[in-house]
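# Analysis of the macromolecular model
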Amino acid sequence: MSVLESSATRRDAKGYLQKYASKEKLGQQPTPKPASPQFIQGLQSSSQQHPLNSELTREQPAIEEELTKVAIVKLRDPHLLPDDTVAGIAKTLSQLRALGLLAIVVVDCGARQTRKTFEREALRLCEAIDSGFGLPVARFADGVFVKQSRNSPSKVPPPLPPIFAGSVRIDDQGLLAQALRRNKMVVLPSVARPDNLSSPRPTKAHDTILALAKYLTGLQFTTGDGVSSEAHESFPNKTASVERVILLDPLGGIPMIGKPNVAHRFINLEQEYSTLMDQLNDAHGSSTGPGSQAMSLKLSHAENLTLAKDALSLLPSSSSALITTPLAAANKKPPPNSSSLQLDDMVATRNRRNPLLHNLLTDRPAFSPSLPLQRINGDSPSGPRAVDSSAATLVKRGMPVTILPNPRGEPWRPPRPGAPRLRLTDTSVDLPRLVHLIQDSFDRRLDVQDYLHRVNENLAGIIIAGEYEGGAILTWERPDGLDEQQAFEQGRFVPYLDKFAVLKSRQGSAGVADIVFNAMVQDCFPDGVCWRSRKNNPVNKWYSERSAGVLQLPNSNWTMFWTTAGLSVEHPKFQDYKAVCRAVQPSWADDKHIVD
């Protein structure tokens, strides 16, 4: 309740209840529905391979059973954690269970530790969970992971990528499925048997996490010697719905290179993965410390990011990964001079946000990734607030971002008069989809011809998120009284956000607005941009939190925003901003001749 009251929107609460609250709690009953043919990654399921089975399911409608929603959790180096921290983690996992998300924890003590250490720490966590809950709700599972022989012929169907083979598989014998049916949390040491006769040995958690993800989602295909060539014709069933991958690592979230002690709040893998991996694998320069130790830390962060990416590639696009510290999961304040990354994040009060609980209830990071750091830290009369730095990074598969023209090739600058420039009518822009995006977002009809006439000759560029699911149109505007040549020579062109739009279906937890806004202020106009919004626009609070300043334009229906840092009201640029925000005429078909 404290999370929903303090930081969740009505949409967040509704989304959580629809997804995680049981139908009985919502006053609904499971409804019978005819079983339909199932497809896995474009391949036919076993029900389609056997006509008799398909016929039976068509004749007898089945009750739709909801799969147990689970989080795969990796706990790194628990042998270095004190008992009270382990107890705090156990309490949070129990709270997740009460909220509808069951944890399956893989304990990773590192390659230098023995199998006994892995098993001891797994049992310690089980005891902490049971002790805190007052009932035996944790299940220790040993001997579940088995190494796959590299010399064995794979029965993975050829169209599937190599990630589906892997080096570790699950030999469950019904243990996991039974535990989940009984609503028990499962704790597994990251140890695997080399074969059916040998004892388990410590194994990379990367491999065991992926094996678990494949098994739970029904993507563990049969491999090994002695398996018939028809083995791939029968696909395993889904055991659970994997909603989250949670990596609890003392290093915390993925660092922002070049910004000491700051971690990414959100990573859009489609857009950022390659760039981030290049930065983390670069031996030169670091925000985590000097020398070889810093490089080792960066490589560890790179391993976490790669694990998040690989795991999410096996899961539905709605799933996400959360990388944070064991201390944050335990809701504990880190000790002074902690080596973990310091994210601006959590005010050290009794209302400290637990990133695991907050993410479950809102499907968002604890703080919006487009929110400036100073807005999170805040100031009090006695100076900066005390913060609890847990450095949580939320990772999603996300969506690609297209910026035209590409600012990485050449930064956006006002074009010389008469020089070639981008236009919305260029073939690189899908104008019908762009118009649909704007009209759907604003719920108003655009006068397309009037709009093109106004922006085509002064277009700075456009930002498109995904398949025109969100976007921004930015222009170079001139203050009244200046022609194009004068504005160029005097450096008076104003960077202006003309349209900012997100499809209604993608507004909220998808993070599309944050992705577009960050692209605008980080890649396109890092030195600042201005825009205006009607005074009664409900989005103004969101704009205000992300801007460097806000001004209610007198005798008008407009509020002006800007991101240019340190801009005083006496500055000539500020006056140009005001002039532009007053002068731009709207191009809506429903009020074409109305002046705001």
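These numbers were taken from a predicted model, which means no experiment stands behind them.

Cut-offs applied
- Residues numbered from 1 in each chain as written.
- Predicted model: local features only at pLDDT ≥ 70, side-chain atom pairs only at ≥ 80, totals over all residues.
- Heavy atoms only, no water.
- Phe/Tyr/Trp six-rings, centres within 6.5 Å; stacked < 30°, edge-to-face > 60°.
- Helix = DSSP H or I, 4+ residues; strand = E, 2+ residues; numbered from the N terminus.
- Buried < 20%, exposed > 50% of the residue type's maximum accessible area, 1.4 Å probe, protein only.
- Lys NZ or Arg CZ within 6 Å of the ring centre and 35° of its normal.
- Contact = heavy atoms within 4.5 Å.
- Pairing = 2+ DSSP bridges.
- Core = buried A, V, L, I, M, F, W, Y, C linked by side-chain atoms within 4.5 Å.
- pLDDT = per-residue confidence, 0-100.
- Expected span 1.5 Å × (residues − 1).
- Salt bridge = Lys/Arg side-chain N within 4 Å of Asp/Glu carboxyl O.
- Axes fitted to C-alpha atoms, helices over the stretch in contact; angles between N-to-C directions.
- Parallel < 35°, antiparallel > 145°, perpendicular 65-115°, else oblique.
- Left-handed = near helix turned anticlockwise from the far one by under 90°.

Within the structure shown, the criterion is met by 14 aromatic pairs. With a centroid separation of 5.6 Å and 15° between ring planes, the pair formed by Trp 531 and Phe 561 is classed as stacked. Within this pair, whereas Trp 531 is found in strand E25 (residues 530–534), its partner Phe 561 is found in strand E27 (residues 558–562), the two being separated by 30 residues in sequence. In this structure, Trp 531 and Phe 561 share a single accessibility class: buried. The ring of Tyr 273 is capped by Lys 309, whose NZ or CZ atom sits 5.1 Å from the centre of that ring. Stacked on the ring of Trp 558, the Lys or Arg Arg 532 has its end atom at 3.7 Å from the ring centre.

On to the environment of Val 70, then. Mapped onto the fold, Val 70 is located in strand E5 (residues 69–76). Taking the C-alpha atoms as reference points, Val 70 and Arg 244, separated by 174 residues in sequence, lie 7.0 Å from one another. Contact partners of Val 70, with chain neighbours within four places excluded, come to Leu 101, Leu 102, Ile 104, Leu 180, Leu 216, Ala 240, Ser 241, Val 242, Glu 243 and Arg 244.

Of all five residues in E27, five are buried; the element is thus mostly enclosed. Here E27 shows no split at all, with Trp 558, Met 560 and Trp 562 on one side and Thr 559 and Phe 561 on the other all buried. Relative to E27, E25 runs antiparallel, the two sharing five bridges. Bridge assignment links Trp 531 to a residue of E27, and that residue is Phe 561. The pairing of strand E26 (residues 549–552) with E27 spans four bridges and is classified as antiparallel. Bridge assignment links Gln 552 to a residue of E27, and that residue is Thr 559. Here E26 folds back onto E27 in antiparallel fashion, the turn holding five residues, of which Asn 555 has a positive phi close to 55°.

Looking at soluble globular proteins, one finds that nonpolar side chains tend to be buried together. Residues Leu 93, Ile 129, Leu 212, Leu 216, Leu 305, Ile 463 and Leu 474 are the most contacted members of the largest nonpolar core, which totals 117 residues. If we ignore the near neighbours within four places in the chain, the residues touching Leu 216 are Val 70, Ile 72, Ile 104, Leu 180, Lys 238, Thr 239, Ala 240 and Val 242. Formed by 20 residues, the second largest nonpolar core is a distinct cluster that contains Leu 431, Leu 459, Ile 462 and Ile 473.

Here the focus is the confidence of the model for the protein chain. Considering every residue of the protein chain, the mean pLDDT works out to 82; 79% of them sit at 70 or more. Contacts for the low-pLDDT stretch residues 224–233, under 50 throughout, to residues beyond four places or in other chains number 14 contacts.

Our next topic: helix H6 (residues 115–133). Helix length check: H6, at 19 residues, gives a terminal C-alpha distance of 27 Å against a target of 27 Å (1.5 Å per residue), a fit within 8%. For H6, the complete set of buried residues consists of Thr 117, Phe 118, Glu 119, Glu 121, Ala 122, Arg 124, Leu 125, Cys 126, Ala 128 and Ile 129. In the segment just after H6, Gly 134 is the residue with positive phi, at about 85°.

Turning our eyes to something else, we now look at the pattern of salt bridges. Think of it this way: side chains of opposite charge can pair up when their charged atoms draw near. In the structure shown here, the tally under the stated rule is 25 salt bridges. In this structure, Asp 514 and Arg 546 form a salt bridge, with 4.0 Å as the shortest nitrogen-oxygen distance. Placement of the pair is Asp 514 in helix H17 (residues 512–524) and Arg 546 in helix H18 (residues 540–546), with a sequence separation of 32 residues. Residue class for Asp 514 comes out buried when judged on its relative accessible area of 14%. Between Glu 545 and Lys 541 there is a salt bridge, with the nearest N and O atoms lying 2.7 Å from each other. Within this pair, Glu 545 and its partner Lys 541 are both found in helix H18, separated by four residues, close to a single helical turn. Given a relative accessible area of 60%, Lys 541 falls into the exposed group. Put simply, Asp 83, Arg 120, Glu 121 and Arg 124 are held in one network by salt bridges that share partners.

Bringing the sheet that holds strand E7 (residues 138–140) into the picture now. Backbone hydrogen bonds are what pair the strands of a sheet, in a parallel or an antiparallel way. Reading across the sheet, the eight strands line up as E7-E10-E6-E5-E13-E15-E20-E14 and stay open at both edges, with mixed pairing between neighbours. For this open sheet the edge positions go to E7 and strand E14 (266–268), each flanked by a neighbour on one side alone. Across the sheet, the axes of successive neighbouring strands diverge by a mean angle of 20°, strand direction being ignored. Of the pairings in the sheet, the one linking E14 to strand E20 (residues 393–396) comprises three bridges and is parallel in character. Residue pairing for E20: Phe 266 is matched across the bridge by Leu 394. Of the strands in this sheet, E14 and E20 are in contact with helix H9 (residues 269–280), which crosses E14 at around 100°. Of the strands in this sheet, strand E13 (241–248), strand E15 (320–324) and E20 touch helix H12 (residues 355–362), which is tilted by about 160° from E15.

Here we take up unusual backbone geometry. Outside of glycine, negative phi angles account for most residues, and trans bonds account for most peptide bonds. For the peptide bond that leads from Leu 404 to Pro 405, omega is -10°, which places it in the cis range. Counting through the fold element by element, Pro 405 comes out in the loop between strand E21 (401–404) and helix H14 (431–442). At Tyr 468, a position not held by glycine, the phi torsion is positive, near 55°.

The next thing to look at is the sheet that holds strand E9 (residues 168–170). With mixed pairing, four strands are arranged side by side in an open sheet as E9-E8-E11-E12. If you trace the sheet from one side to the other, it starts and ends with E9 and strand E12 (201–202), each paired once. Pairing of strand E8 (residues 145–147) with E9 involves three bridges; the strand directions are antiparallel. Bridged to Phe 145 within E9 is Ile 170. On top of the sheet, helix H8 (residues 205–216) reaches E8 and E9; it is set at about 40° to E9, its chief contact.

Here we take up the packing of helix H5 (residues 83–98) against H12. Packing of H5 against H12 brings their axes to within 10 Å, and their N-to-C directions diverge by 15°. Put simply, H5 runs roughly parallel to H12. Viewed along their axes, H5 and H12 form a crossing whose handedness is right-handed. Where H5 abuts H12, its residues Thr 92, Gln 95 and Leu 96 lie against Leu 356, Leu 357 and Leu 360.

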